[in-house]
Number of protein chains: 2
Amino acid sequence: MRDAYHEELDSIGEGLVEMARLVGSAIGRATTAILDSDLKLAEAVIEGDKKIDDLQHDLEARAIALLARQQPVATDLRIVVTSLRMSADLERSGDLAQHVAKLARLRFPERAVPQDLHATILEMGQLAQRLMAKAAEVIVTKDVDLALQLEQDDDEMDLLHRTLFQHLIDDRWKHGIETAVDVTLLGRYYERYADHAVAVAKRVVYLVTGEYADDLQQDIQPVTGVEGA
Amino acid sequence: MRDAYHEELDSIGEGLVEMARLVGSAIGRATTAILDSDLKLAEAVIEGDKKIDDLQHDLEARAIALLARQQPVATDLRIVVTSLRMSADLERSGDLAQHVAKLARLRFPERAVPQDLHATILEMGQLAQRLMAKAAEVIVTKDVDLALQLEQDDDEMDLLHRTLFQHLIDDRWKHGIETAVDVTLLGRYYERYADHAVAVAKRVVYLVTGEYADDLQQDIQPVTGVEGA
């Protein structure tokens, strides 16, 4: 019985890695879609989110069934509860990738991102994808050092986010308000996506070390202009 | 033993209601702070978020302890797992209220919201607070009809959000880009806050009916301009 149980526990872990893989791919493709104004790719990301949602429902149902049938305690209980949280983070990351894709679709055949911000958005998209790939690796390896590394990568995302806002509030901004609104929301989507990837990695740290540090909180500041908070 | 158990379960419910009360008050005060550019009030909301975070940690610890000690099944298990999710929604709502307050602090002594958007932001703030008050009532009463009513209120929030964006992209917008960025983010914070209040109510529906409807997903569209998605 215990063997079937640990197999099921492992398969929940595999499900999380599969979700991370899908949402990592989604943010990469959504970024391409918005930079190239590629409607077909945008539609594919939007459609693809359903699979991510289904995976989450499936994982949740299995985690709850496991709690009911096996009534795990101590570490095993912590693993199952933490898995529920990770799947929620991953599902939300998928939504954020979908938001990027929906913005691409909304502005098609125009491009939502002006040429002079192309490089910054590309970097944000790539960084988001790398963060999720690392989060997936952390789930597999339970490597605490790698998990902590994600926080540094997230600092890089904050920096990119600030760059974006500096562009926006620069007097030379010439792309009008609608584009400013689009770019503001885009920046927010990438930032929140990164936060969720970091949260996933931190939850693994919690599993390994048992420390529920205060900084597990995703306390995200509004990074508008020179944020003083 | 079962009595102590149900007492503990009830007290988790009370903790959720207390959290909802605090985050409801936080969004009300944050809205006043940003409309009046009231630094002291903004600081109070920012400080106050720690109490909400502490409450969440405490609730989570108790829920997990309950799982470990009592190993509930069926409905009771569902209640505990759902409580974990609701506390996460409420904690996040508190963060969003804090974001509004931080924006007030960042722009002080200026006002982040121009006069012609004052009424719309006030309405969004009041609606957010009402939504959270109803969510709290749903937790207490488990009233499915009231829970479904929250979705209609949320449509109202979407409408307000659209109004905001229409103002922004109107050719007569004269407040500059920085204010447009602030207002875009503010709109997003209120919208997300409302989503979490609705999610809390829907989780109660799930508890009562056992239906994990697809629309439990918080699939939030980016409402930029005339969102077609």
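Residues numbered from 1 in each chain as written. Chains lettered and ligands numbered in written order. Predicted model: local features only at pLDDT ≥ 70, side-chain atom pairs only at ≥ 80, totals over all residues. Heavy atoms only, no water.

Under the annotation held in an unreviewed UniProt entry, chain A carries the name Phosphate-specific transport system accessory protein PhoU and is attributed to Streptomyces glomeratus. What the UniProt record of chain A gives under Sequence similarities (unreviewed entry) is the line "Belongs to the PhoU family." Regarding chain A, the UniProt comment filed under Subunit (unreviewed entry) reads as follows: "Homodimer." (UniProt positions renumbered as here; feature names shortened; annotations may be inferred.)

Trainee: Please clarify how the overall build of chain A should be interpreted in this entry.
Mentor: Tallying secondary structure elements over chain A gives six helices and zero strands in all. Reading chain A from its N end, one meets helices and strands in the order α-α-α-α-α-α. Over its C-alpha trace chain A gives a radius of gyration of 19 Å, about what one expects of a compact globule, namely 17 Å for 229 residues. Judged by the C-alpha coordinates and their principal axes, chain A covers about 65 × 40 × 20 Å. Among the 229 residues that make up chain A, the fraction classed as buried is 58%. Looking at chain A as shown, the accessible area adds up to about 9200 Å², and 50% of this sits on carbon and sulfur atoms. Within chain A, one finds 25 positive and 42 negative side-chain charges whose respective centroids are separated by 3 Å. (Helix = DSSP H or I, 4+ residues; strand = E, 2+ residues; numbered from the N terminus. Rg over C-alpha atoms; globule rule 2.2 N^0.38 Å. Buried < 20%, exposed > 50% of the residue type's maximum accessible area, 1.4 Å probe, protein only. Areas by Shrake-Rupley, 256 points an atom, 1.4 Å probe, with all protein chains shown as cover. Lys, Arg positive; Asp, Glu negative; His and termini not counted. Charge placed at Lys NZ, Arg CZ, Asp CG, Glu CD.)

Trainee: Would you mind going over the confidence of the model for chain A with me for this structure?
Mentor: Predicted coordinates in areas of low pLDDT are best not read in detail. Residues and elements named next belong to chain A. With 91% of its residues at a pLDDT of 70 or more, chain A has an overall mean of 90. Taking the mean pLDDT of every element in chain A, the minimum, 93, falls on helix H1 (residues 2–36) and the maximum, 97, on helix H4 (residues 115–141). Throughout residues 213–229 the model reports pLDDT below 50, and contacts reaching past four residues in sequence, or to other chains, amount to 57 contacts. (pLDDT = per-residue confidence, 0-100. Contact = heavy atoms within 4.5 Å.)

Trainee: Explanation requested: the UniProt feature "domain: PhoU" (unreviewed entry) in chain A in the structure shown.
Mentor: All names here are of chain A. Here the UniProt-annotated "domain: PhoU" (unreviewed entry) positions come out as residues 16–103 and 121–204. Along residues 16–103 one finds 94% helix and 0% strand; the C-alpha atoms at either end are 27 Å apart. Between the C-alpha atoms that bound residues 121–204 the distance is 29 Å, and the span itself is 90% helix and 0% strand.

Trainee: Teacher, can you tell me more about the side chain of A:Ser83 here?
Mentor: Residues and elements named next belong to chain A. Topologically, Ser83 is positioned in helix H3 (residues 74–107). A relative accessible area of 7% places Ser83 in the buried class. Polar contacts involving the side chain of Ser83 include one to the main-chain carbonyl oxygen of Ile79, which spans 2.7 Å. Apart from the residues lying within four places of it in its own chain, the contact partners of Ser83 are Ile12 and Leu16. (Polar contact = N/O pair within 3.5 Å; in protein donor to acceptor, adjacent residues only side chain to side chain.)

Trainee: Is there a simple way to explain empty space enclosed by the protein in this structure?
Mentor: A probe matching the size of a water molecule, rolled over the atoms, marks out where space remains unfilled. Following the criterion strictly, the structure yields two cavities of 30 Å³ or more and no others. Taken as a whole, the second largest cavity encloses approximately 40 Å³ of empty space. A breakdown of the residues in the lining of the second largest cavity according to their chemical character gives six nonpolar, two polar and no charged. (1 Å grid on protein atoms, 1.4 Å probe; cavity = no way out; pocket = protein on both sides within 12 Å on 5 of 7 lines; lining within 4 Å. Points joined across faces, edges and corners; volume = space filled by probe spheres on them. Nonpolar A, V, L, I, M, F, W, Y, C, P; charged D, E, K, R; others polar.)

Trainee: Could you clarify how one ought to interpret the nonpolar core in this entry?
Mentor: Counting residues in hydrophobic clusters, the biggest one holds 149 residues, and the most contacted among them are A:Ile34, A:Leu186, A:Tyr190, B:Ile34, B:Ile121, B:Leu186 and B:Tyr190. Ignoring sequence-local partners within four residues, the contact set of B:Tyr190 consists of B:Ile27, B:Thr31, B:Ile34, B:Val100, B:Ile121, B:Met124, B:Gly125, B:Ala128 and B:Met157. (Core = buried A, V, L, I, M, F, W, Y, C linked by side-chain atoms within 4.5 Å.)

Trainee: Would you mind going over helix H6 (residues 176–209) of chain B with me for this structure?
Mentor: Helical geometry: 3.6 residues make up each α-helical turn, so side chains three or four residues apart lie on a common side. All names here are of chain B. An ideal rise of 1.5 Å per residue puts 50 Å on 34 residues; H6 measures up with 49 Å between its terminal C-alpha atoms. With 30 of 34 residues buried, H6 is to be regarded as a mostly interior element. Where H6 terminates, the next one or two residues include Gly210, which has phi positive at roughly 75 degrees. (Expected span 1.5 Å × (residues − 1).)

Trainee: Just checking my understanding: could you explain the packing of aromatic side chains for this structure?
Mentor: What describes a pair of aromatic rings is the distance from one ring centre to the other and the angle between the planes of the rings. By the definition in use, this model includes zero aromatic pairs over all chains. Geometry around B:Tyr206 places B:Arg78 over its ring, the cationic atom sitting 5.3 Å from the centre. (Phe/Tyr/Trp six-rings, centres within 6.5 Å; stacked < 30°, edge-to-face > 60°. Lys NZ or Arg CZ within 6 Å of the ring centre and 35° of its normal.)

Trainee: When you look at the packing of helix H3 (residues 74–107) of chain B against H6(B) in this model, what are you seeing that I'm missing?
Mentor: Each pair of packed helices can be described by the angle between their axes along with the distance between the axes. Residue and element names in this part refer to chain B. At a minimum axis separation of 9 Å, H3 and H6 run at an interaxial angle of 165 degrees. Accordingly, the angle class assigned to the pair H3 and H6 is roughly antiparallel. The interaxial crossing formed by H3 with H6 has left-handed handedness. Tallied by class, the residues present in the contact of H3 with H6 amount to 15 nonpolar, four polar and nine charged. (Axes fitted to C-alpha atoms, helices over the stretch in contact; angles between N-to-C directions. Parallel < 35°, antiparallel > 145°, perpendicular 65-115°, else oblique. Left-handed = near helix turned anticlockwise from the far one by under 90°.)

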